[in-house]
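Listed here are the chains, written in short residue letters.
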Amino acid sequence: MIYTCTMNTAVDLFVETDELLPDVVNRTKDEDYQPNGKGVNISFMLKRLGLNNTALGFTGGFTGRFIENELLNEKIVTDFVEVEGISRINIFINATREFKIVNKGPLISEGRKQELINKIRQIPSGRFLFVSGSLPRGVPDDMYLSLSEIAAENKLKLILDISSPVLLDCLSYHPYLIKPNEQELAAFFSRKKALSEEEIIHCGKELLDRGAERVLISRGKDGALYLDRQRTLKATAAKGKVVNTACAGDAMLAVFVGKQELGCSVPEALRHASAAGSLTAFSKGLGDVSKLDQTASQIQITHL
């Protein structure tokens, strides 16, 4: 069984309009409401690959019930901690440009935080645990450290996709895989300018030296880079019209791990992962896994 943990679940509202103007009523051409949060997205993608998993985290209010119901509709097991307040609603607007409005989330009490920690302590040894996304109010960054310590103690395969700089402190617990994007990677190393490919690889190797077992770096239109202690691989991205980039990294991560669980080699898993990221960027929500093989044929893998 695979477990995902989303501490700041969300309902994402995707809207499309010809233009976004101030001081007038902007009417949309299209709209869609989707359950979200990085780990929630991973749960959906894993299940669509045929991999059972359990979704953990915090949910609250009518939006929390919507998120849980949508997961249950796809026969994904849920074990959320219910909190006061409502799970956040984020807004993504596709107009002449892409606009993203992301809210903070509910305030989590100490008791509810401890309840989630206790659930994670009960995960059996050897299981995958994805910890993805931002933290709601009331949950400090050292929560990531606590979960990393539990994962190390209980021999869980911890996968971290977080933008907090505390990630660097989590590396001493030797997470199974981390997945920064280019901007996060630059921020971890206090680089203010966009990184070259050579610099990205150098920073990725530094993360391995600090304790990460594997590093997957999502690069948007430039695909992805994967590093472990034996190899460095580069994947291109597919070509298409970008609609929404919000969930692309989540789809990439889920498919990369999921395909290996289904028996694919690392290069083949990376090829499908990059295809999943591209398909998702070309969609309002998560990409259609039925198109994965076709899109993967466009992806080139290079051993660096």
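Residues numbered from 1 in each chain as written. Predicted model: local features only at pLDDT ≥ 70, side-chain atom pairs only at ≥ 80, totals over all residues. Heavy atoms only, no water.

Draft legend 1. Focus on the pattern of salt bridges. Taken as a whole and judged by the stated rule, the model has 18 salt bridges. For Lys38, the salt bridge is made with Asp250, and the minimal N-O distance between the two is 2.7 Å. Pair noted here: Lys38 is in helix α1 (residues 38-48) and Asp250 is in helix α8 (residues 248-261), with a separation of 212 residues, a long-range link. Lys38 gets classed as partly exposed once you look at its relative accessible area, which sits at 25%. Lys234 is paired through a salt bridge with Glu197; the nearest N and O atoms lie 2.9 Å apart. In this pair, Lys234 sits in strand β14 (residues 232-235) while Glu197 sits in helix α7 (residues 197-209), placing the two residues 37 residues apart along the sequence. Residue Lys234 is classed as partly exposed on the basis of its relative accessible area, which comes to 25%. By relative accessible area, which is 25% here, Glu197 ends up partly exposed. One network of salt bridges, with partners in common, ties together Glu182, Glu197, Arg219 and Lys234. (Salt bridge = Lys/Arg side-chain N within 4 Å of Asp/Glu carboxyl O. Helix = DSSP H or I, 4+ residues; strand = E, 2+ residues; numbered from the N terminus. Buried < 20%, exposed > 50% of the residue type's maximum accessible area, 1.4 Å probe, protein only.)

Draft legend 2. Spotlight on the nonpolar core. Core analysis: the largest hydrophobic core is formed by 46 residues, its most contacted members being Met7, Leu116, Ile120, Leu129 and Val131. Grouped together as the second largest cluster of nonpolar side chains are 45 residues, Tyr226, Ala275, Leu292 and Ile299 included. (Core = buried A, V, L, I, M, F, W, Y, C linked by side-chain atoms within 4.5 Å.)

Draft legend 3. Highlighting the environment of Ile201. Relative to the elements of secondary structure, Ile201 occurs in helix α7. Put simply, Ile201 and Val102 are 99 residues apart on the chain and 30 Å apart in space, counted from C-alpha to C-alpha. Ignoring any residue separated from it by four or fewer positions in sequence, one finds Ile201 in contact with Leu225, Leu227, Thr232 and Leu304. (Contact = heavy atoms within 4.5 Å.)

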